[in-house]
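# Fold and contact review
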Amino acid sequence: MIRLLCVAGARPNFMKMAPLVRALRSDPDFLPLLIHTGQHYDEQMSGRFFDELGLPAPARNLAVGSGSHARQTAEIMTRFEPVVLEEKPRAVLVAGDVNSTLACALVASKLQVPVVHVEAGLRSFDRGMPEEINRIVTDAISDLLLVSEETGLANLRNEGVPEERVCFVGNLMIDSLFFHLERARQRDILSRLGVEGERYGLLTLHRPANVDEPARLMEMLGALEMISRELPLLFPAHPRTRARLDALAWSAPGVRLLEPLGYLDFLCLMSRSAAVLTDSGGIQEETTALGIPCLTLRENTERPITIDQGTNRLAGTSRQSILETWREASARPKTGRVPPLWDGHAAERCHAALRRFYDLETG
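### What to know about the overall build of the protein chain
Helix and strand counts for the protein chain stand at 16 helices and 13 strands. Counting only C-alpha atoms, the protein chain reaches 60 × 40 × 40 Å along its principal axes. Each of the 363 residues in the protein chain was classed as buried or not, and the buried ones make up 57%. Considering only contacts in the protein chain between residues 6 or more positions apart, those separated by 24 or more positions represent 68%. If you sum the accessible surface of the protein chain, you get close to 14900 Å²; carbon and sulfur atoms cover 50% of it. Charge centroids of the protein chain, computed over 41 positive and 47 negative side chains, lie 1 Å from each other.

Now the structure itself:
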């Protein structure tokens, strides 16, 4: 059996790895072992995802916890290296752009173990974002690059990545969304919150560049307070964000703060919402797949296809830019369409790509 270490460290990683691990576990030629780095270590932030996504218990939990980018990346590398030496995998699979992605890819590459990057080729072209550095470096040392959208193909081509290392497979995040959507819609979260039949928006905000700078955060909160007068906002607050809001003693009548939600409850709220305002990368993709209007509270996005083809609009981070984008979205709703290969079958194509990588029959 071909032993693969499948690395997950933060919530989006779990959503990407779940359908791929499920596909690989159905193939007797592969033995996928899930490695949880513990980058997200709170039970509300990651623990329940294993149950809800149908993920097996991790073979290893590195339990690295939080820290600065340098400290966290170094700690993951230090704890992951012995795992690779002991397990002797044929490849290490990493997903997305978090510190776990970069750290585990570096360890594998230095130990001459092939690296497979899920969601390769995305670029914001903003090297001030730590995630952008993680993407660029991980792609540079990966042996197989599994691409989720067509812009990723163009980016990798422009960077000189050989075509034989690249495979366009579609979006694993959308596999998870479609697989769990009907079950999520049966959750009772709307009645528990007392919003069943009500019109509401869903808000998420977690990026350090947005929440760690009080001046920028207050600009954004000012716009969100104005928007909430037209559309009440439900705000499941990341613990980091909640601490910043508490420090500012901020509240708004139309914004309802919630504890972090599990995947199914959040998906239920998102699928029933009138609009989503977010600084998350994955939510830009999910709203596009669901046809729900999305305002991205950032100056750039590594997922331009959600704007070019989907329902997403880039709103910026100033009060003025957010309100202007909101007014435009309200006056001229965007229909959008689902991008190519965002069809719920990306895991099957990833599986086929891995079989080809190991010269196994794919028929």
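Picking up where we left off.
### Some words on the layout of surface pockets
Each pocket or cavity is described by its volume, and for the second largest pocket that value is around 190 Å³. Considering the residues around the second largest pocket, the lining is formed by 15 residues, among which Ala275, Pro293, Trp326, Ala329 and Ser330 are closest to the centre. Here the lining of the second largest pocket takes 3 residues from helix H15 (residues 319-331), the largest share from any one element. Across the lining of the second largest pocket, the residue classes break down as 9 nonpolar, 2 polar and 4 charged.

### Comments concerning empty space enclosed by the protein
The full count for this structure, using the stated rule, is 1 cavity of 30 Å³ or more. Considered as a void within the structure, the largest cavity measures approximately 50 Å³ in volume.

The rules behind these values
Residues numbered from 1 in each chain as written. Predicted model: local features only at pLDDT ≥ 70, side-chain atom pairs only at ≥ 80, totals over all residues. Heavy atoms only, no water. Helix = DSSP H or I, 4+ residues; strand = E, 2+ residues; numbered from the N terminus. Buried < 20%, exposed > 50% of the residue type's maximum accessible area, 1.4 Å probe, protein only. Contact = heavy atoms within 4.5 Å. Areas by Shrake-Rupley, 256 points an atom, 1.4 Å probe, with all protein chains shown as cover. Lys, Arg positive; Asp, Glu negative; His and termini not counted. Charge placed at Lys NZ, Arg CZ, Asp CG, Glu CD. 1 Å grid on protein atoms, 1.4 Å probe; cavity = no way out; pocket = protein on both sides within 12 Å on 5 of 7 lines; lining within 4 Å. Points joined across faces, edges and corners; volume = space filled by probe spheres on them. Nonpolar A, V, L, I, M, F, W, Y, C, P; charged D, E, K, R; others polar.

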